[in-house]
Amino acid sequence: MKYFAAFSPMLDEGKSQKYRPDHLDYLEKLGKEGKVFAKGRFADGTGGMVIYMAENYDEVEAIVKNDPYVVQGARGYEIHEWVMTTDAVLPEK
């Protein structure tokens, strides 16, 4: 299994707000299938990023192209294979 970072730059803020529930439902479904490692929006409002888990680039591109944000023209996309070099270290509570 490989990791892929998919950046989703904002193209249309109005469409992004309108299709946000559909986008989140889509990511929830993919998460249940074990395809989403991490996800979130950029604090400055310029878009977001999802790190997907998949066998290859083509699989991830198909997933991203079916995201309601992309289908509806709210967001663009850019995909890069991501190699995790260390385990995450969480701060102690």
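See above for the structure.
Residues numbered from 1 in each chain as written. Predicted model: local features only at pLDDT ≥ 70, side-chain atom pairs only at ≥ 80, totals over all residues. Heavy atoms only, no water.

Asker: I'd like a description of the overall build of the chain, backed by residues and values.
Answerer: Secondary structure assignment for the chain yields three helices and four strands. When the elements of the chain are put in sequence order from the N terminus, they spell out β-α-β-β-α-α-β. Whereas a compact globule of 93 residues would reach a radius of gyration of roughly 12 Å, the chain reaches 14 Å, a difference of no more than 12%. Projecting the C-alpha coordinates of the chain onto the three principal axes gives extents of approximately 40 × 35 × 20 Å. Within the chain, buried positions represent 32% of all 93 residues. A separation of at least 24 residues holds for 69% of the contacts in the chain among residues at least 6 apart in sequence. Here the chain contributes 12 positive and 16 negative side-chain charges, whose respective centroids are spaced 5 Å apart. (Helix = DSSP H or I, 4+ residues; strand = E, 2+ residues; numbered from the N terminus. Rg over C-alpha atoms; globule rule 2.2 N^0.38 Å. Buried < 20%, exposed > 50% of the residue type's maximum accessible area, 1.4 Å probe, protein only. Contact = heavy atoms within 4.5 Å. Lys, Arg positive; Asp, Glu negative; His and termini not counted. Charge placed at Lys NZ, Arg CZ, Asp CG, Glu CD.)

Asker: Go over the side chain of Lys35, please, and point to the residues and values.
Answerer: Its location among the elements puts Lys35 in the loop between α1 (13-32) and β2 (36-41). Each residue touching Lys35, except ones within four places of it in the same chain, is listed here: Leu30, Ile51, Tyr52, Met53, Glu59 and Ile63.

Asker: Residue-level account of the packing of aromatic side chains, with values.
Answerer: This model, assessed by the stated rule, comprises three aromatic pairs. When the centroid spacing of 5.0 Å and the interplanar angle of 70 degrees are considered together, the rings of Tyr3 and Phe37 count as edge-to-face. Residue Tyr3 is found in strand β1 (residues 2-9), and its partner Phe37 is found in strand β2; the two are separated by 34 residues along the sequence. With a relative accessible area of 38%, Phe37 lands in the partly exposed category. Centroid distance Tyr3 to Trp82: 5.8 Å. Interplanar angle 85 degrees. Geometry classified as edge-to-face. In this pair, Tyr3 is assigned in strand β1 and Trp82 in strand β4 (residues 78-82), connecting sequence segments 79 residues apart. We classify Tyr3 as partly exposed; its relative accessible area is 22%. Among the residues examined, Trp82 registers a relative accessible area of 30% and is labelled partly exposed. (Phe/Tyr/Trp six-rings, centres within 6.5 Å; stacked < 30°, edge-to-face > 60°.)

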